[in-house]
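Here's the letter readout for the chains.
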Amino acid sequence: MASVLRVAELFGPTLQGEGPSLGRHAAFVRLSGCNLACSWCDTPWTWQWRVYDRAAEQTAMPVDAVRDWARGRADLVVITGGEPLLQAGPVAELVAGLAGTAVEIETNGTVAPPPELLVEHVAFNVSPKLAGAGGPEHRRLRERALRALADSGRARFKFVVADAAELDEVARVQAAHGLDDVWIMPEATSAGRLLELLRDLADPVIERGWNLAPRLQVLLWEDARGR
Ligand code: SF4
């Protein structure tokens with residue numbers, strides 16, 4: 001029987017809004033389900049089943065159908081969630097079917113990727129969650145998974161911060177888990193707040209030798225779904 005992915009939405013072509021590929025022409029595969037419950041989550045319809053109707057928000061799709069939708073749609077395919085590595089097996093099948101296309105997997109860094117995903121055309125955008133996201137640290141920051149991602153040489157680490165004071169916590173997490181290639185992104189759902197935070201964060205981020213990126217989708221479309 002064909003493997004199945006639990007899909008929240010397929011959208012694009014659009015633009016990758018975050019991280020090192022900011023602005024790239026991209027197609028998005030957003031998967032359902034998450035193992036965290038961040039207080040500021042901007043995609044709660046992928047997992048918050050007490051609020052959202054799972055039957056309406058989640059579709060079971062054969063991997064082949066998702067592959068056929070994504071193939072040729074854009075130069076970059078972004079697999080996001082929710083937490084896509086909760087479906088690592090079918091995700092690996094999807095990635096294998098997209099050989100020759102650049103793929104970014106956006107993960108919260110709590111699940112170690114299987115070897116089938118450590119391949120040439122795949123990069124991981126890892127977003128470890130800080131205390132402000134809520135929930136106990138042992139659930140948010142898992143040493144084995146972060147180590148596996150860091151050691152893969154295919155990961156960049158994106159931290160969403162609400163203010164400059166949170167940069168000290170990012171530095172502690174970076175040092176504790178040996179993370180390279182750190183990116184800071186503002187937590188904001190409006191263009192005005194995003195720009196305000198970017199200006200607050202720019203100098204301290206430069207001083208620490210990190211990278212700073214906006215969330216392009218917020219600047220362009222604020223909190224619209226499917227963009
Ligand atoms: S890890 Fe991501 S999808 Fe899951 S609750 Fe946190 S912000 Fe939302």
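All figures in this text were calculated on a predicted structure; none of them were measured in a lab. In this numbering scheme, every chain counts its residues from 1 along its sequence in written order. Side-chain atom pairs in this predicted model are given and counted only at pLDDT of 80 or more, local residue features only at pLDDT of at least 70, and totals for whole chains, interfaces and linings cover all residues. Side-chain measures here rest on the full set of heavy atoms in the structure, leaving out hydrogens and waters.

Engineer: Before we go on, may I ask you to explain the site of the ligand in this structure?
Structural biologist: For this purpose, a residue is taken to be near a molecule or strand whenever a single non-hydrogen atom of the residue falls within 4 Å of it. Close to the ligand lie Cys34, Leu36, Ala37, Cys38, Trp40, Cys41, Thr43, Trp47, Gly82, Asn108 and Lys129. The rule is simple: put a 1 Å grid over the protein atoms alone, call a set of points where a 1.4 Å probe fits but cannot get out a cavity, call an open set with protein on both sides within 12 Å along at least five of seven lines a pocket, and count a residue as lining if it has an atom within 4 Å of a point. To qualify as sitting in a cavity or pocket, a molecule needs more than half of its atoms within 2 Å of the grid points. Applying the majority rule of atoms within 2 Å of the grid points places the ligand in the largest pocket. Partitioning the shell around the ligand into residue classes produces seven nonpolar, three polar and one charged. Following the grouping adopted for this structure description, the nonpolar residues are Ala, Val, Leu, Ile, Met, Phe, Trp, Tyr, Cys and Pro, the charged ones are Asp, Glu, Lys and Arg, and the polar ones are all others, Gly among them.

Engineer: How do you make sense of helix α2 (residues 63-70) when you look at a structure like this?
Structural biologist: Note: α-helices contain 3.6 residues per turn, so residues at a spacing of three or four share the same orientation. Turning to α2, its buried residues are Val63, Val66, Arg67, Trp69 and Ala70. In an axial view of α2, the angular spread of the buried residues amounts to 160°, which keeps them on one side of the axis. Any two residues whose heavy atoms approach within 4.5 Å are treated as being in contact. Helix and strand definitions here come from DSSP, where helices need a minimum of 4 consecutive H or I residues and strands a minimum of 2 consecutive E residues; each element is numbered from the N-terminal end. Those residues of α2 that are buried lie in contact with β1 (4-15), β2 (25-31), β3 (59-62), β4 (76-80) and α3 (88-97). Whether a residue is buried, partly exposed or exposed follows from its accessible area with a 1.4 Å probe, protein chains only, as a fraction of its type maximum: under 20%, in between, or over 50%, in that order. In this context, the arc is that of the directions from the helix axis out to the C-beta atoms.

Engineer: What exactly am I supposed to notice about the layout of surface pockets here?
Structural biologist: The gaps of empty space that remain are located by a probe, the size of a water molecule, rolled over the atoms. Grid points are joined across faces, edges and corners, and a volume is the space filled by probe spheres set on the points. The calculated volume of the largest pocket comes to roughly 890 Å³. What lines the largest pocket is a set of 44 residues, among which Glu18, Arg30, Asp42, Thr43 and Arg215 lie closest to the centre. Of all the secondary structure elements, the ones that give two or more residues to the lining of the largest pocket are β1, β2, β5 (102-107), β7 (155-161) and α8 (216-221). For the lining of the largest pocket, the residue count by class is 17 nonpolar, 13 polar and 14 charged.

Engineer: So what exactly am I meant to see when it comes to the sheet that holds strand β9 (residues 211-212) here?
Structural biologist: In sheet architecture, strand pairing relies on hydrogen bonds along the backbone and comes in two forms, parallel and antiparallel. One requirement defines pairing of two strands: DSSP has to find at least two bridges between them. Strand order in this open sheet of nine strands is β3-β1-β2-β4-β5-β6-β7-β8-β9, and the pairing throughout is mixed. Where the open sheet ends on each side, the last strands, each with one partner, are β3 and β9. Both strand β6 (residues 122-126) and β7 contribute to a ladder of three bridges, which runs parallel. For Asn125, the partnering residue across the bridge sits in β7 and is Arg156.

Engineer: Can you walk me through the pairing of β4 in this structure?
Structural biologist: As a general feature of sheets, a regular strand has side chains that alternate between the two faces. Counting buried positions over the five residues of β4 gives five, a clear majority of the element. Of the two faces of β4, both are covered, the one formed by Leu76, Val78 and Thr80 as well as the one formed by Val77 and Ile79. Pairing between β2 and β4: five bridges, direction parallel. Each bridged residue has a counterpart across the sheet, and for Ala26 the counterpart in β4 is Leu76. Crossovers are described as right-handed under a simple rule: with the strands pointing away from the observer, the path leading from the first strand over the helix to the second runs clockwise. For the handedness criterion, the β-α-β arrangement of β4, α3 and β5 is classed as right-handed.

Engineer: Any chance you could explain the environment of Ala224 here in plain terms?
Structural biologist: Locating Ala224 in the fold gives a position in the segment after α8. Judged by its relative accessible area of 42%, Ala224 falls in the partly exposed class. Note: C-alpha distance between Ala224 and Thr189 (35 residues apart in sequence) is 9.4 Å.

Engineer: Can you walk me through the pattern of salt bridges in this structure?
Structural biologist: Side chains that carry opposite charge are capable of pairing whenever their charged atoms lie near each other. One side-chain nitrogen of Lys or Arg within 4 Å of one carboxyl oxygen of Asp or Glu is enough to make a salt bridge. Inspection of the entire model under this criterion finds 14 salt bridges. Taking the shortest distance from any N to any O, the salt bridge between Arg67 and Asp68 comes out at 2.9 Å. Arg147 is the partner of Asp151 in a salt bridge, and the nearest nitrogen-oxygen pair spans 3.8 Å. Of the two residues, Asp151 and Arg147 both sit in helix α5 (residues 143-151), four residues apart, roughly one turn of that helix. One network of salt bridges, with partners in common, ties together Glu18, Asp42, Glu106, Lys158 and Arg215.

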